[in-house]
Every structure is written in C-alpha cells, then in structure tokens.
Amino acid sequence: MRAAAGVWRWRGNPLCRTTDLVEAWVAFATVLLIVFAAPAAGWLCGTLTHAALRESVRVQHEQRHRTTALVVRAAPGPAVIADPEVSSERAAHTRVVANWKAPDGSRRTGTVSTSPRAAQPGDRFPVWTDEQGEVVGRPMDGVTASTHATLAGIGAAAATAAFLEGGRRLFVWRLVLRRYTRLDRAWAEAGPDWGRTGTGS
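Computed from a predicted structure; not experimentally measured. (Residues numbered from 1 in each chain as written. Predicted model: local features only at pLDDT ≥ 70, side-chain atom pairs only at ≥ 80, totals over all residues. Heavy atoms only, no water.)

By the definition in use, this model includes six salt bridges. Between Arg-58 and Glu-62 there is a salt bridge; the shortest N-O distance is 2.7 Å. With a gap of four residues between them, Arg-58 and Glu-62 both fall in helix α3 (residues 18–63), about one helical turn apart. The partly exposed category is assigned to Glu-62, whose relative accessible area is 47%. In this structure, the salt-bridge partner of Glu-165 is Arg-168, at a minimum N-O distance of 2.9 Å. A residue pair is termed a helical-turn pair when its members lie 3 or 4 positions apart in one helix, as Glu-165 and Arg-168 do in helix α5 (residues 142–190) at three residues. Given a relative accessible area of 22%, Glu-165 falls into the partly exposed group. (Salt bridge = Lys/Arg side-chain N within 4 Å of Asp/Glu carboxyl O. Helix = DSSP H or I, 4+ residues; strand = E, 2+ residues; numbered from the N terminus. Buried < 20%, exposed > 50% of the residue type's maximum accessible area, 1.4 Å probe, protein only.)

Spelled out as structure tokens, the structure:
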C-alpha cells in the first residue's frame, strides 16, 4: 500500500529507479483488482452456483417422493454414523428391515437406516424414494442451496484475491532479482577502480 501511495510522490524523485515505479504501479493495480475484480468473481461464481443448485433442487423434488416406512425388524450390524460433522447422538443411525410404498403403489421391503428412536418393530418413519421405489437421500432444500452458493462465492473471491496477490509477489520477486543483477553488473564495472585517484570516484 505504501508503494502504491508513493507512485505520484516518487515520479519526480531523481533517486527513484524505473523498477521502483513499476513495483509501485503493480501494487496499485493489484489493490484495485482485489477491491473490484475479486468481489465480482465471487458474485459471478455464487450466482452461477446458485442457479445450478436451484435447478438441482427442482429436479430432485420432482424425482424423489416422500413416503412412510414401517419397521419390520432390526437388521444385523452395529449402528453407523452417517455424518461425522454432527454429534454422534444426532447422527447415529440403526439399520432396520422396513416396508414402504413405491410411487406406483406397490409395496417394497428392504434394509434402510433410521434413527434409534424409530427402530422398534411397528415404528414408522419418513423416507424418500425415486421413481422406481428405491430409497434415496433426502432432496436438497433451497436454504442449503443458498448456503452452498454463498460459500462458493466467498471461496471464489478469496481465491481470486490470493491469485492476484501471489502474482504480484512473483512479479516483485523477479523484479528484485533483475535489480540485483543490474547492481552486480554495475559494481563489477566500477569495483576495480573504486577509490583510485583520477577515476572519478
């Protein structure tokens, strides 16, 4: 930021090198891009992601049907944790053998997962099925789609800002190397005669 702010102040300084001005202009341009381009990239990514997820929500709600399953008996095997980010008490599921009705009205029987509170024979719990009557996951809702789109937009904005800053740092690194190369070359030319009488030092 100090380099960017010094562009105008350094323009007439005789000690200012061309590389100093280039570095300052690059920093200034990077700041402008981070301020304007990064939010724009985040907004664009979030908008496109939201549109795609909303379409997925619509398709899933059209293709998945909610019905009620009736527990017949417990299925062999231990309880499983469906979501490691949720507490074990909420995420623990028990596998049971249950009956449910397919969209065409036929009865289906299979092994499904349910919460321990609805795992006794005769208990009922909601399930989602596809067009063929197979149990599938719950369709995504609008709130989840919006949350994922927002996170995608924030991630895109942050990635754009990081990419721009990384590009600036790489450019400045190459510029410093070039500056040191020129300094070494100049010192090699003037070094042998440095301090001698009549050499103009």
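Now that the structure has been shown, we can carry on.
Turning our attention to the pairing of strand β5 (residues 124–129). Examined bridge by bridge, strand β1 (residues 65–74) and β5 share six bridges and lie antiparallel to one another. Across the sheet, the residue bridging to His-65 is Thr-129, located in β5. When β5 meets strand β6 (residues 135–136), the two strands line up antiparallel, connected through two bridges. What sits directly across from Trp-128, in β6, is Val-136. (Pairing = 2+ DSSP bridges.)

Position of Val-176 relative to the elements: it lies in helix α5. Under the relative-accessibility criterion, Val-176 is labelled partly exposed at 24%. Once the C-alpha coordinates of Val-176 and Asp-20 are considered, the two residues, 156 residues apart in sequence, prove to be 9.7 Å apart.

A few words on the side chain of Asp-130. Note that Asp-130 resides in the loop between β5 and β6. For the buried Asp-130, no salt bridge exists, and the shortest N-O distance to an oppositely charged side chain is 6.4 Å, to Arg-108. A distance of 2.9 Å separates the side chain of Asp-130 from the backbone nitrogen of Gly-133, its partner in a polar contact. A polar contact of 2.8 Å, which involves the side chain of Asp-130, links it to the backbone nitrogen of Glu-134. Apart from residues no more than four positions distant in its own chain, Asp-130 is found in contact with Gln-63, His-65, Pro-103 and Val-136. (Lys, Arg positive; Asp, Glu negative; His and termini not counted. Polar contact = N/O pair within 3.5 Å; in protein donor to acceptor, adjacent residues only side chain to side chain. Contact = heavy atoms within 4.5 Å.)

Examined against the element boundaries, Thr-30 turns out to sit in helix α3. Contact partners of Thr-30, with chain neighbours within four places excluded, come to Leu-164, Glu-165 and Arg-168.

There is a patch of nonpolar side chains on the surface, built from Trp-25, Phe-28, Leu-32, Val-35 and Phe-36 and spanning about 520 Å² of accessible area. Its place among the elements puts Trp-25 in helix α3. (Patch = residues over 30% accessible without salt bridge, like charges linked within 9 Å, V, L, I, M, F, W, Y side chains within 5 Å. Areas by Shrake-Rupley, 256 points an atom, 1.4 Å probe, with all protein chains shown as cover.)

In this section: the nonpolar core. With ten residues, the main nonpolar core is built from Ala-69, Val-71, Val-96, Ala-98, Trp-100, Val-112, Ala-118, Ala-119, Phe-125 and Val-127. When contributions to this core are tallied by element, the ones reaching two or more residues are β1, β3 (92–101) and β5. Of all the elements, β3 adds the most residues to this core, at three residues. For Ala-118, the contacting residues outside a window of four places in its chain are Val-71, Asp-123, Arg-124 and Phe-125. (Core = buried A, V, L, I, M, F, W, Y, C linked by side-chain atoms within 4.5 Å.)

Just distances and angles here, no functional claims.
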